[in-house]
Amino acid sequence: NAGVTQTPKFRILKIGQSMTLQCTQDMNHNYMYWYRQDPGMGLKLIYYSVGAGITDKGEVPNGYNVSRSTTEDFPLRLELAAPSQTSVYFCASSSRDRANNEQFFGPGTRLTVL
Amino acid sequence: KNQVEQSPQSLIILEGKNCTLQCNYTVSPFSNLRWYKQDTGRGPVSLTIMTFSENTKSNGRYTATLDADTKQSSLHITASQLSDSASYICVVSDTDKLIFGTGTRLQVFP
């Protein structure tokens, strides 16, 4: 049982490039989330999903896209990377709704946009 | 505005000593309060979750308290170990979403 896994661990992008951050969970959780963590700031929710085929915006969705074709996978897409997207990205999952249930986090992806 | 504030920002203690971290929140409505431990370069890991009716919860050497009237919580670490060096994040749920504090960075030295 690996929990929540994320790839890659590190990535450097040039402005305007695109990439996909991968997230997979093996706990059969319906709910999945993407957060970003900036230095000195609390985690901010980018997008979340309550099940396969259903996604919704969080607090800071601009510049990102997501899809949820399976229960296990929840990739995050950056189409035109900007320096403001330099951050650490965490994927998380929970068995039920985010407000009342424990979220399990992946190890994170550190992204730098130059 | 829903906010979660933590203090101190950082803390240095010697191995074996106790310490207490503080969390004040202005979140309404209130559903639950969580403390997470985040090791450097890792994702947050849940330590405790407390609902409105709970005023204390322990997880090994970690004890969290909640005063819903004053909207304050504390995390007490007993007999600190080097492995306790991490950031500790207070998170409050408003029944719909989570509001994260900025964390307290704890360093334990031998």
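Residues numbered from 1 in each chain as written. Chains lettered and ligands numbered in written order. Predicted model: local features only at pLDDT ≥ 70, side-chain atom pairs only at ≥ 80, totals over all residues. Heavy atoms only, no water.

Secondary structure assignment for chain A yields zero helices and eleven strands. Its helices and strands in sequence order give chain A the pattern β-β-β-β-β-β-β-β-β-β-β, from N to C terminus. Overall, chain A is about 35 × 30 × 25 Å in size when its C-alpha atoms are taken along their principal axes. Residues classed as buried in chain A amount to 45% of the 114 residues present. (Helix = DSSP H or I, 4+ residues; strand = E, 2+ residues; numbered from the N terminus. Buried < 20%, exposed > 50% of the residue type's maximum accessible area, 1.4 Å probe, protein only.)

So, on to the state of the cysteines. Evaluated as defined, the whole model comprises two disulfides over all chains. Residue A:C23 pairs covalently with A:C91 via a disulfide, S to S 1.8 Å. Taking the torsion about the S-S bond as the criterion, the A:C23 to A:C91 disulfide, at about -70°, is left-handed. Of this pair, A:C23 sits in strand β3 (residues 19–25) while A:C91 sits in strand β9 (residues 87–94), and the two are 68 residues apart along the sequence. Here A:C91 falls in the buried class, since its relative accessible area comes to 0%. Residue pairing for B:C23: its cysteine sulfur links by disulfide to B:C90, the two sulfurs lying 2.1 Å apart. Here the disulfide of B:C23 and B:C90 is left-handed, its torsion about the S-S bond being about -65°. Of the two residues, B:C23 is situated in strand β3 (residues 19–25) and B:C90 in strand β9 (residues 86–93); the sequence distance between them amounts to 67 residues. Accessibility classification places B:C23 together with B:C90 in one group, the buried group. B:C19 forms no disulfide, and the closest cysteine sulfur to it belongs to B:C90, at a distance of 15 Å. Of the residues examined, B:C19 reaches a relative accessible area of 5% and is grouped as buried. (Disulfide = S-S within 2.5 Å.)

Let us look at the interface of chain A and chain B. With 16 residues of chain A in contact, the opposing surface of chain B contributes 20 residues. Taken over both partners, the interface formed by chain A and chain B buries close to 1400 Å², and the fraction arising from carbon and sulfur atoms is 52%. Summed over the shared surface of chain A and chain B, the number is zero salt bridges. Joining chain A to chain B, the criterion identifies one residue pair in polar contact (both at pLDDT 80 or more). Of the residues belonging to the side of chain A that touches chain B, the class tally is seven nonpolar, seven polar and two charged. (Contact = heavy atoms within 4.5 Å. Buried area = accessible area lost by both parts, 1.4 Å probe. Salt bridge = Lys/Arg side-chain N within 4 Å of Asp/Glu carboxyl O. Polar contact = N/O pair within 3.5 Å; in protein donor to acceptor, adjacent residues only side chain to side chain. Nonpolar A, V, L, I, M, F, W, Y, C, P; charged D, E, K, R; others polar.)

Let's shift gears to the packing of aromatic side chains. In this description, a pair of aromatic rings is defined by centroid distance and the angle of the planes. Overall, the coordinates contain eight aromatic pairs over all chains when judged by the stated rule. Ring plane angle 40° and centroid distance 5.6 Å describe the contact between A:Y35 and A:F105, whose orientation is recorded as tilted. Placement of A:Y35 in strand β4 (residues 31–37) and of A:F105 in strand β10 (residues 104–105) is noted, with a sequence separation of 70 residues between them. These aromatic residues form a ring-pair network of at least three members: A:Y33, A:Y35, A:F105, B:Y36 and B:F100. The side chain of A:R68 reaches across the aromatic face of A:F74, ending 5.9 Å from its centre. Here the basic side chain of B:R61 rests over the ring of B:Y62, its NZ or CZ set 5.7 Å away from the ring centre. (Phe/Tyr/Trp six-rings, centres within 6.5 Å; stacked < 30°, edge-to-face > 60°. Lys NZ or Arg CZ within 6 Å of the ring centre and 35° of its normal.)

Take the pattern of salt bridges next. Residues and elements named next belong to chain B. In this structure the tally under the stated criterion is six salt bridges over all chains. Where D39 meets K37, a salt bridge forms, and the shortest distance between an N and an O atom there is 3.9 Å. Overall, the relative accessible area of 31% leaves D39 in the partly exposed class. For K37, a relative accessible area of 15% puts it in the buried group. Among the salt bridges present, the one from D84 reaches R61, with a minimum N-O distance of 2.8 Å. Of the two residues, D84 sits in the loop between β8 (72–77) and β9 while R61 sits in the loop between β6 (56–59) and β7 (62–67), which places them 23 residues apart along the sequence. On the accessibility criterion, D84 (0% relative accessible area) is buried.

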